[in-house]
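# Understanding the architecture of this molecule
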Amino acid sequence: MKRQKKLFPGCFAAGLAAIALLSGLPVAHGAEVGAGLQAATAPRQLSGETVSIFKVDPAEQCFEGIASTAYDPTMKEGESRVKAYWDEKTQFTRVAPVDDFSKISGPVVADFHYMSKPDVDAVKAGRPFTTKLVSIFSDERKATGFTRDDKHLVAMFTPNRDDKKHTSGWIHFEGRDIPFSLGRKPAIAMISSVKADILQSGYWSARIFGNYAGNRFLISRAELREKPDPRQGDDPALPRILVIGDSISMNYDASAKEALRGKANYHRIEANGGSTGRGVSSIDLWLGSYWEKGFQWDMIQFNHGLHDLNQRGYEKDAVWGDFAVNIEDYKKNLELEIQTLKKTGAQLIWCTTTPVPADPEGKATRKPDADLIFNKAAMEVMSKHPEIIINDLNKVVRSSAVFDEWRKGSNVHFKTPAELSALGQSVASAVQQALDKRNADRKK
């Protein structure tokens, strides 16, 4: 849109992404391609991806990151580790959420997002209006008016300093000053230009845009959001545990954390752990700088299985496709991951893969009892490492009456408070076992 291009390059798109991230609206991502163990023939399409930045190399002008949005459209599986480069032309913007307009000095350029037709009509008639999604551009001085679809208004905005709530002001539009106020549950983002140097301190996620130059993905624009220090909230007197797993570990995350309150600092990887292929490629990113003070892991629980055993199945003719990761590769990947995990010096806990219910759903699905095949293979690997503690969640689900209704369903996930509590307590028991083992080993 020509009128949008008057803004400094990338600021309008940054505003869109910022508001989507702040308000929970969907964010469009780049093309999805298969990866993991069966490598894709084409380069991973990264433009539009949001990644958590892990390693920054100023000399090479690149960073590594982890993404949770790369999936094969058939098997819902993909590669989560990415590497991206920048150069002198790359534009970095910082997206910072704010609660109100109290720290904003006007006039500034503001982008009012996803406006309703009544509010659009009010602005064009010079009447007061409301909206709840606003991006403030600290570096921009050109107001471009409405976009062609009238969904966005880019105008000069001046906060109302007499408003004690700091939620109102005026826009200057077509020679008139029009009153404006925020609606309920507003989302406000401050957008500012920054240098790549900012990546060398703090913790960041980035939505990246660009193209491949040879085999390197070169960033044309990166939208940065600061993340909290991962140690924030930890009790330094307690051990730190990291949980690596798929969406099942997301299900019991809150329950396990509560069960371990006062016993351990509980952390879980940001992304879906996916298959063992993803585990091998992403394990060092998940582990972080474990050799630095405050970042060490005392215990690590890990699991892969439900994504590995995924296969195409058709109930009509009972024809099932190959596993997403074959058994031999599954075992090889687990061994590779274990070798990396051992470098941390943490007590390891293997969590068995939870069952597949009797009535699977969907075209890309899982065959009932395939979990038994993969758990048997995993235990063959674990038998070579007798120091690894086993958290047998599969047995918990198969043997407890708490899961009777779940077994009649079609969803591998767990939802009821009783189910989540049982899983969380099992995780807590395994962690307590690891703590006891660690204390006993120290006394030897």
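Heads up: these notes are all about the structure in this document. (Residues numbered from 1 in each chain as written. Predicted model: local features only at pLDDT ≥ 70, side-chain atom pairs only at ≥ 80, totals over all residues. Heavy atoms only, no water.)

Right, let's talk about the pattern of salt bridges for a bit. Tallied over the full model, the rule gives 20 salt bridges. The shortest N-O distance in the salt bridge between Lys55 and Asp284 comes to 3.8 Å. Taken together, the residues Lys55 in strand S1 (residues 50-57) and Asp284 in helix H5 (residues 276-287) connect sequence positions 229 residues apart. For Lys55, a relative accessible area of 35% corresponds to the partly exposed category. (Salt bridge = Lys/Arg side-chain N within 4 Å of Asp/Glu carboxyl O. Helix = DSSP H or I, 4+ residues; strand = E, 2+ residues; numbered from the N terminus. Buried < 20%, exposed > 50% of the residue type's maximum accessible area, 1.4 Å probe, protein only.)

Estimates place the volume of the largest pocket at around 960 Å³. As for the largest pocket, its lining consists of 33 residues, and the residues nearest its centre are Ile53, Phe54, Tyr203, Pro230 and Gly288. Counted by class, the lining of the largest pocket contains 18 nonpolar, 8 polar and 7 charged residues. (1 Å grid on protein atoms, 1.4 Å probe; cavity = no way out; pocket = protein on both sides within 12 Å on 5 of 7 lines; lining within 4 Å. Points joined across faces, edges and corners; volume = space filled by probe spheres on them. Nonpolar A, V, L, I, M, F, W, Y, C, P; charged D, E, K, R; others polar.)

What follows concerns the packing of helix H6 (residues 327-342) against helix H7 (residues 370-382). Close contact between H6 and H7 brings their axes to 10 Å; oriented N to C, the two are set at 40°. With respect to H7, the axis of H6 lies oblique. Where H6 crosses over H7, the two elements pack in a sense that is right-handed. Contacts from Ile327, Tyr330, Lys331, Leu334, Glu335 and Ile338 of H6 reach H7 at Ile373, Phe374, Ala377, Ala378, Glu380, Val381 and Met382. Here the residues of the contact of H6 with H7 are counted per class, giving 10 nonpolar, no polar and 3 charged. (Axes fitted to C-alpha atoms, helices over the stretch in contact; angles between N-to-C directions. Parallel < 35°, antiparallel > 145°, perpendicular 65-115°, else oblique. Left-handed = near helix turned anticlockwise from the far one by under 90°. Contact = heavy atoms within 4.5 Å.)

Let us now look at the packing of aromatic side chains. Scanning the entire structure with this criterion turns up 18 aromatic pairs. On the numbers, 5.1 Å between centres and 40° between planes, the contact of Phe129 with Phe180 is tilted. Here Phe129 is found in strand S6 (residues 129-137), whereas its partner Phe180 is found in strand S10 (residues 176-194), with 51 residues between them in sequence. Here the two residues Phe129 and Phe180 agree in accessibility, since each one is buried. Grouping aromatic residues by their ring pairs yields a cluster made of Phe101, Phe112, Phe129, Phe157 and Phe180. Here the basic side chain of Arg221 rests over the ring of Phe209, its NZ or CZ set 4.1 Å away from the ring centre. Directly above the aromatic system of Trp297 lies the positively charged group of Arg240, at a separation of 4.2 Å from the ring centroid. (Phe/Tyr/Trp six-rings, centres within 6.5 Å; stacked < 30°, edge-to-face > 60°. Lys NZ or Arg CZ within 6 Å of the ring centre and 35° of its normal.)

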